[in-house]
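Residues per chain, in single letters:
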Amino acid sequence: MIQSPLNYTGGKFKLLPQILPLFPNNINTFVDLFCGGCNVGINVESKSVIYNDVDENLLCLYNTFKNLDKRSVFEWIYDIIDEYELSLVSKNGYDYYKCESSKGLGIYNKEKFLKLRTDFNEKKRRGNYDYYYYVMLYVIIVYAFNNQIRFNSNGDFNLPVGKRDFNKKMQQKLSDFIDKIKEQDCKFTCLDFREFDVEILENDDFVYVDPPYLITCATYNEQGGWSETDERDLLTFLNKLHEKKLRFALSNVLRSKGKENTILLEWLSENKEKYKAINLDYNYSNSNYQTKDKTTNSEEVLIINY
Ligand SMILES: C[S@@+](CC[C@H](N)C(=O)[O-])C[C@H]1O[C@@H](n2cnc3c(N)ncnc32)[C@H](O)[C@@H]1O
(Lines give C-alpha, C1' and ligand atoms only; values in the text may rest on other atoms or scores of the structure.)
Protein backbone atom coordinates (compact mmCIF):
# COMPACT_ATOMS: atom_id res chain seq x y z
CA MET A 1 0.00 0.00 0.00
CA ILE A 2 1.31 3.44 -0.93
CA GLN A 3 1.10 6.19 1.68
CA SER A 4 0.61 9.84 0.83
CA PRO A 5 3.86 11.84 0.87
CA LEU A 6 1.89 14.45 2.81
CA ASN A 7 1.00 13.61 6.37
CA TYR A 8 -2.52 14.64 5.51
CA THR A 9 -5.05 15.38 8.26
CA GLY A 10 -8.04 13.13 7.79
CA GLY A 11 -6.03 10.88 5.47
CA LYS A 12 -7.56 7.45 5.07
CA PHE A 13 -4.35 5.41 4.91
CA LYS A 14 -5.03 3.50 8.13
CA LEU A 15 -8.57 2.69 7.06
CA LEU A 16 -7.63 1.36 3.61
CA PRO A 17 -7.60 -2.32 4.66
CA GLN A 18 -11.24 -1.88 5.65
CA ILE A 19 -12.37 0.51 2.91
CA LEU A 20 -10.83 -0.99 -0.23
CA PRO A 21 -12.51 -4.43 0.06
CA LEU A 22 -15.87 -2.63 0.21
CA PHE A 23 -15.33 -0.95 -3.17
CA PRO A 24 -16.84 -2.59 -6.25
CA ASN A 25 -14.71 -4.58 -8.68
CA ASN A 26 -14.13 -3.50 -12.26
CA ILE A 27 -14.02 0.24 -11.78
CA ASN A 28 -13.43 2.14 -14.99
CA THR A 29 -12.78 5.69 -13.74
CA PHE A 30 -12.33 6.18 -10.02
CA VAL A 31 -13.18 9.69 -8.89
CA ASP A 32 -11.45 10.74 -5.66
CA LEU A 33 -13.70 13.76 -5.25
CA PHE A 34 -12.07 15.13 -2.07
CA CYS A 35 -8.64 13.64 -2.71
CA GLY A 36 -6.65 15.44 0.04
CA GLY A 37 -3.49 13.36 0.47
CA CYS A 38 -4.56 10.97 -2.35
CA ASN A 39 -4.28 7.98 -0.01
CA VAL A 40 -7.32 6.32 -1.55
CA GLY A 41 -6.99 7.05 -5.28
CA ILE A 42 -3.33 6.02 -5.29
CA ASN A 43 -4.19 2.53 -3.98
CA VAL A 44 -7.38 1.75 -5.83
CA GLU A 45 -7.64 -0.67 -8.71
CA SER A 46 -9.23 1.07 -11.67
CA LYS A 47 -8.49 1.91 -15.29
CA SER A 48 -8.09 5.60 -14.55
CA VAL A 49 -8.36 8.05 -11.68
CA ILE A 50 -9.58 11.64 -11.41
CA TYR A 51 -8.18 13.41 -8.36
CA ASN A 52 -10.22 16.40 -7.34
CA ASP A 53 -9.90 18.80 -4.43
CA VAL A 54 -10.79 22.42 -3.86
CA ASP A 55 -7.21 23.08 -2.70
CA GLU A 56 -5.25 24.08 -5.77
CA ASN A 57 -1.87 23.73 -4.05
CA LEU A 58 -2.40 20.02 -3.60
CA LEU A 59 -3.33 19.35 -7.19
CA CYS A 60 -0.45 21.41 -8.55
CA LEU A 61 1.94 19.60 -6.24
CA TYR A 62 0.74 16.18 -7.46
CA ASN A 63 0.88 17.41 -11.02
CA THR A 64 4.52 18.36 -10.43
CA PHE A 65 5.26 14.89 -9.05
CA LYS A 66 3.62 13.31 -12.08
CA ASN A 67 5.27 15.42 -14.74
CA LEU A 68 8.68 16.43 -13.45
CA ASP A 69 11.21 13.59 -13.58
CA LYS A 70 11.84 11.95 -10.23
CA ARG A 71 15.56 12.71 -10.23
CA SER A 72 14.90 16.43 -10.54
CA VAL A 73 12.32 16.34 -7.75
CA PHE A 74 14.85 14.78 -5.37
CA GLU A 75 17.76 16.90 -6.61
CA TRP A 76 15.77 20.07 -6.06
CA ILE A 77 14.66 18.95 -2.61
CA TYR A 78 18.28 18.32 -1.55
CA ASP A 79 19.38 21.60 -3.19
CA ILE A 80 16.80 23.52 -1.16
CA ILE A 81 17.78 21.69 2.06
CA ASP A 82 21.42 22.59 1.31
CA GLU A 83 20.77 26.17 0.31
CA TYR A 84 18.79 26.94 3.47
CA GLU A 85 21.08 24.74 5.65
CA LEU A 86 18.13 22.75 6.94
CA SER A 87 18.88 19.58 8.88
CA LEU A 88 19.17 16.22 7.17
CA VAL A 89 19.57 13.72 10.00
CA SER A 90 19.41 10.76 7.65
CA LYS A 91 22.77 11.95 6.27
CA ASN A 92 24.49 13.60 9.24
CA GLY A 93 22.87 12.18 12.41
CA TYR A 94 21.38 14.12 15.33
CA ASP A 95 24.69 14.98 17.03
CA TYR A 96 25.79 17.04 14.03
CA TYR A 97 22.88 19.39 14.73
CA LYS A 98 23.32 19.22 18.52
CA CYS A 99 19.74 17.96 18.78
CA GLU A 100 18.13 14.91 20.35
CA SER A 101 15.58 12.70 18.69
CA SER A 102 13.13 13.12 21.61
CA LYS A 103 13.16 16.94 21.37
CA GLY A 104 13.25 17.10 17.59
CA LEU A 105 14.97 19.52 15.26
CA GLY A 106 12.79 22.60 15.68
CA ILE A 107 15.41 24.69 17.50
CA TYR A 108 18.06 24.01 14.87
CA ASN A 109 15.75 24.55 11.89
CA LYS A 110 13.65 27.49 13.10
CA GLU A 111 15.47 30.48 11.52
CA LYS A 112 16.39 28.55 8.40
CA PHE A 113 12.82 27.44 7.92
CA LEU A 114 11.54 31.02 8.36
CA LYS A 115 13.95 32.22 5.67
CA LEU A 116 12.70 29.52 3.30
CA ARG A 117 9.10 30.38 4.14
CA THR A 118 9.72 34.10 3.47
CA ASP A 119 11.35 33.37 0.11
CA PHE A 120 8.54 31.01 -0.81
CA ASN A 121 5.86 33.58 0.08
CA GLU A 122 7.78 36.15 -1.96
CA LYS A 123 7.81 33.82 -4.97
CA LYS A 124 4.11 33.28 -4.45
CA ARG A 125 3.46 37.03 -4.46
CA ARG A 126 5.31 37.33 -7.76
CA GLY A 127 2.98 34.64 -9.16
CA ASN A 128 5.96 32.47 -10.05
CA TYR A 129 4.18 29.11 -9.93
CA ASP A 130 6.67 26.86 -11.69
CA TYR A 131 7.63 23.28 -10.80
CA TYR A 132 10.38 24.62 -8.55
CA TYR A 133 7.78 26.57 -6.56
CA TYR A 134 5.86 23.36 -5.82
CA VAL A 135 9.01 21.47 -4.84
CA MET A 136 9.72 24.37 -2.48
CA LEU A 137 6.20 23.99 -1.11
CA TYR A 138 6.82 20.29 -0.52
CA VAL A 139 10.04 21.03 1.43
CA ILE A 140 8.16 23.61 3.51
CA ILE A 141 5.47 21.07 4.33
CA VAL A 142 8.12 18.52 5.35
CA TYR A 143 9.79 20.97 7.77
CA ALA A 144 6.55 22.65 8.96
CA PHE A 145 4.64 21.97 12.14
CA ASN A 146 3.14 18.48 11.96
CA ASN A 147 3.75 18.51 8.19
CA GLN A 148 0.61 20.56 7.76
CA ILE A 149 -0.35 23.06 5.03
CA ARG A 150 -1.86 26.37 6.04
CA PHE A 151 -2.09 29.71 4.29
CA ASN A 152 -3.43 32.86 5.97
CA SER A 153 -6.01 35.17 4.43
CA ASN A 154 -3.23 37.11 2.62
CA GLY A 155 -2.23 33.88 0.93
CA ASP A 156 1.01 33.47 2.92
CA PHE A 157 2.11 30.07 4.20
CA ASN A 158 2.07 30.71 7.94
CA LEU A 159 2.82 27.55 9.89
CA PRO A 160 5.83 27.51 12.21
CA VAL A 161 8.72 25.06 12.03
CA GLY A 162 8.13 21.44 13.00
CA LYS A 163 10.22 18.87 14.84
CA ARG A 164 11.23 16.56 12.02
CA ASP A 165 13.05 16.70 8.72
CA PHE A 166 13.23 14.87 5.41
CA ASN A 167 13.83 11.50 7.05
CA LYS A 168 14.23 8.09 5.44
CA LYS A 169 10.54 7.27 5.82
CA MET A 170 9.44 10.47 4.08
CA GLN A 171 11.98 9.93 1.31
CA GLN A 172 10.63 6.43 0.74
CA LYS A 173 6.99 7.56 0.81
CA LEU A 174 7.72 10.28 -1.74
CA SER A 175 9.68 7.94 -4.00
CA ASP A 176 6.93 5.28 -3.99
CA PHE A 177 4.22 7.87 -4.53
CA ILE A 178 6.01 9.41 -7.52
CA ASP A 179 6.53 5.99 -9.12
CA LYS A 180 2.85 5.15 -8.74
CA ILE A 181 1.43 8.50 -9.85
CA LYS A 182 3.63 8.40 -12.96
CA GLU A 183 2.38 4.99 -14.04
CA GLN A 184 -1.26 5.70 -13.18
CA ASP A 185 -3.60 6.99 -15.87
CA CYS A 186 -4.78 9.95 -13.85
CA LYS A 187 -5.70 13.58 -14.06
CA PHE A 188 -6.16 16.37 -11.56
CA THR A 189 -9.03 18.80 -11.28
CA CYS A 190 -9.46 21.61 -8.81
CA LEU A 191 -13.17 22.13 -8.33
CA ASP A 192 -15.65 22.65 -5.57
CA PHE A 193 -17.57 19.34 -5.55
CA ARG A 194 -20.73 21.19 -6.67
CA GLU A 195 -18.96 22.16 -9.90
CA PHE A 196 -17.86 18.63 -10.72
CA ASP A 197 -19.54 17.55 -13.94
CA VAL A 198 -21.24 14.21 -13.27
CA GLU A 199 -22.38 14.07 -16.91
CA ILE A 200 -18.90 12.86 -17.90
CA LEU A 201 -19.34 9.74 -15.74
CA GLU A 202 -20.56 6.32 -16.89
CA ASN A 203 -22.14 3.48 -14.95
CA ASP A 204 -18.90 1.56 -14.50
CA ASP A 205 -17.25 4.60 -12.89
CA PHE A 206 -17.15 5.06 -9.15
CA VAL A 207 -17.11 8.15 -6.96
CA TYR A 208 -15.37 8.10 -3.59
CA VAL A 209 -16.36 10.98 -1.36
CA ASP A 210 -14.29 11.90 1.69
CA PRO A 211 -15.32 15.43 2.72
CA PRO A 212 -14.27 17.32 5.85
CA TYR A 213 -16.39 15.93 8.66
CA LEU A 214 -19.02 18.33 9.93
CA ILE A 215 -18.62 17.36 13.58
CA THR A 216 -14.83 17.13 13.82
CA CYS A 217 -12.17 19.76 13.16
CA ALA A 218 -9.13 19.96 10.94
CA THR A 219 -6.93 22.72 9.51
CA TYR A 220 -8.84 22.75 6.22
CA ASN A 221 -12.02 23.08 8.26
CA GLU A 222 -10.93 26.35 9.87
CA GLN A 223 -12.21 29.80 8.86
CA GLY A 224 -15.75 28.55 8.42
CA GLY A 225 -14.46 25.62 6.35
CA TRP A 226 -17.20 23.03 6.07
CA SER A 227 -20.71 24.21 6.92
CA GLU A 228 -24.14 22.64 7.29
CA THR A 229 -24.97 24.06 3.85
CA ASP A 230 -21.98 22.20 2.38
CA GLU A 231 -23.13 19.03 4.11
CA ARG A 232 -26.68 19.33 2.72
CA ASP A 233 -25.42 20.21 -0.77
CA LEU A 234 -23.17 17.17 -0.70
CA LEU A 235 -26.05 14.87 0.24
CA THR A 236 -28.10 16.33 -2.62
CA PHE A 237 -25.13 15.73 -4.92
CA LEU A 238 -25.00 12.08 -3.77
CA ASN A 239 -28.74 11.66 -4.40
CA LYS A 240 -28.10 12.94 -7.91
CA LEU A 241 -25.35 10.36 -8.44
CA HIS A 242 -27.74 7.66 -7.27
CA GLU A 243 -30.49 8.81 -9.64
CA LYS A 244 -27.98 8.59 -12.47
CA LYS A 245 -27.16 5.03 -11.42
CA LEU A 246 -23.63 6.00 -10.50
CA ARG A 247 -22.05 4.14 -7.61
CA PHE A 248 -20.58 6.07 -4.71
CA ALA A 249 -19.04 5.55 -1.28
CA LEU A 250 -19.05 8.27 1.35
CA SER A 251 -16.69 8.31 4.34
CA ASN A 252 -17.89 10.05 7.46
CA VAL A 253 -18.45 9.90 11.19
CA LEU A 254 -21.99 9.65 12.52
CA ARG A 255 -21.05 10.40 16.13
CA SER A 256 -17.88 11.69 17.72
CA LYS A 257 -17.04 12.80 21.25
CA GLY A 258 -20.64 13.36 22.27
CA LYS A 259 -21.59 15.11 18.99
CA GLU A 260 -23.98 13.67 16.42
CA ASN A 261 -24.24 14.45 12.72
CA THR A 262 -28.02 14.76 12.67
CA ILE A 263 -28.15 15.94 9.04
CA LEU A 264 -26.39 12.80 7.89
CA LEU A 265 -28.36 10.53 10.23
CA GLU A 266 -31.67 11.92 8.96
CA TRP A 267 -30.58 11.55 5.33
CA LEU A 268 -29.61 7.95 6.04
CA SER A 269 -32.91 7.15 7.65
CA GLU A 270 -34.86 8.83 4.78
CA ASN A 271 -32.91 6.73 2.28
CA LYS A 272 -32.51 3.47 4.11
CA GLU A 273 -33.82 1.50 1.13
CA LYS A 274 -31.07 2.92 -1.07
CA TYR A 275 -27.99 3.49 1.07
CA LYS A 276 -26.29 1.51 3.77
CA ALA A 277 -23.79 2.54 6.40
CA ILE A 278 -21.01 0.10 7.23
CA ASN A 279 -19.21 0.61 10.52
CA LEU A 280 -15.45 0.86 10.40
CA ASP A 281 -13.06 0.39 13.26
CA TYR A 282 -10.72 3.36 13.36
CA ASN A 283 -8.41 1.58 15.81
CA TYR A 284 -8.15 -1.47 13.62
CA SER A 285 -4.50 -1.03 12.69
CA ASN A 286 -3.75 1.29 15.54
CA SER A 287 -4.45 -0.95 18.52
CA ASN A 288 -1.28 0.00 20.43
CA TYR A 289 -2.61 3.49 20.82
CA GLN A 290 -6.16 2.52 21.66
CA THR A 291 -6.18 3.95 25.16
CA LYS A 292 -4.67 7.26 24.08
CA ASP A 293 -6.55 7.61 20.81
CA LYS A 294 -8.91 10.56 21.01
CA THR A 295 -10.99 9.14 18.18
CA THR A 296 -11.94 6.03 20.15
CA ASN A 297 -15.47 7.34 20.60
CA SER A 298 -15.93 8.10 16.91
CA GLU A 299 -18.42 6.13 14.89
CA GLU A 300 -16.63 5.99 11.56
CA VAL A 301 -18.67 4.68 8.62
CA LEU A 302 -18.58 4.05 4.91
CA ILE A 303 -21.96 4.77 3.28
CA ILE A 304 -22.53 3.02 -0.02
CA ASN A 305 -25.32 2.89 -2.60
CA TYR A 306 -24.56 -0.46 -4.24
C1 LIG B 1 -10.86 14.37 4.74
S2 LIG B 1 -9.89 15.24 3.57
C3 LIG B 1 -9.62 13.99 2.35
C4 LIG B 1 -8.55 13.01 2.75
C5 LIG B 1 -8.19 11.99 1.68
N6 LIG B 1 -9.27 11.07 1.39
C7 LIG B 1 -6.95 11.18 2.06
O8 LIG B 1 -7.07 9.99 2.38
O9 LIG B 1 -5.85 11.75 2.07
C10 LIG B 1 -11.07 16.34 2.85
C11 LIG B 1 -10.60 17.19 1.68
O12 LIG B 1 -11.73 17.90 1.17
C13 LIG B 1 -11.28 19.10 0.56
N14 LIG B 1 -12.44 20.00 0.40
C15 LIG B 1 -13.00 20.82 1.32
N16 LIG B 1 -14.07 21.45 0.81
C17 LIG B 1 -14.21 21.02 -0.48
C18 LIG B 1 -15.13 21.31 -1.53
N19 LIG B 1 -16.14 22.17 -1.34
N20 LIG B 1 -14.99 20.68 -2.72
C21 LIG B 1 -13.96 19.80 -2.93
N22 LIG B 1 -13.04 19.51 -1.97
C23 LIG B 1 -13.16 20.10 -0.76
C24 LIG B 1 -10.21 19.59 1.54
O25 LIG B 1 -9.31 20.46 0.87
C26 LIG B 1 -9.57 18.26 1.98
O27 LIG B 1 -8.42 18.01 1.22
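To start, this report covers the structure provided alongside it. Keep in mind it's a predicted model, so treat the numbers as computed, not measured.

A word on the sheet that holds strand E8 (residues 276–280)
Within a sheet, adjacent strands bond to each other through the backbone by hydrogen bonds, running parallel or antiparallel. Within the open sheet, the seven strands sit side by side as E3-E2-E1-E4-E5-E9-E8. Their pairing is mixed. Edge positions in the open sheet fall to strand E3 (186–189) and E8, since each of these has one partner strand only. For this sheet, the mean angle separating the axes of adjacent strands, direction not counted, is 20°. Direction of pairing for strand E2 (residues 46–52) relative to E3: parallel, over a ladder of four bridges. In the strand pairing of E3, tyrosine 51 is matched with phenylalanine 188.

Re helix H8 (residues 228–243)
Counted at 1.5 Å a residue, the expected span for H8 with its 16 residues is 22 Å, and the 23 Å between its end C-alpha atoms agrees. Buried residues of H8: Glu231, Leu234, Leu235, Leu238 and Leu241, and no others. Along the long axis of H8, the arc covered by the buried residues comes to 110°, so they all point the same way. Along H8, exposed side chains directed more than 90 degrees from the buried face belong to Thr229, Thr236, Lys240 and Glu243. For H8, the elements touching its buried residues are strand E4 (206–209), strand E5 (247–253) and helix H9 (262–270). One or two positions beyond H8, positive phi appears at lysine 245, with a value near 60°.

Here is what the cut-offs are and how they apply
Residues numbered from 1 in each chain as written. Predicted model: local features only at pLDDT ≥ 70, side-chain atom pairs only at ≥ 80, totals over all residues. Pairing = 2+ DSSP bridges. Helix = DSSP H or I, 4+ residues; strand = E, 2+ residues; numbered from the N terminus. Axes fitted to C-alpha atoms, helices over the stretch in contact; angles between N-to-C directions. Expected span 1.5 Å × (residues − 1). Buried ≥ 20, exposed ≤ 12 C-beta atoms within 10 Å, placed from the backbone. Arc of directions from axis to C-beta. Contact = placed C-beta atoms within 7 Å.

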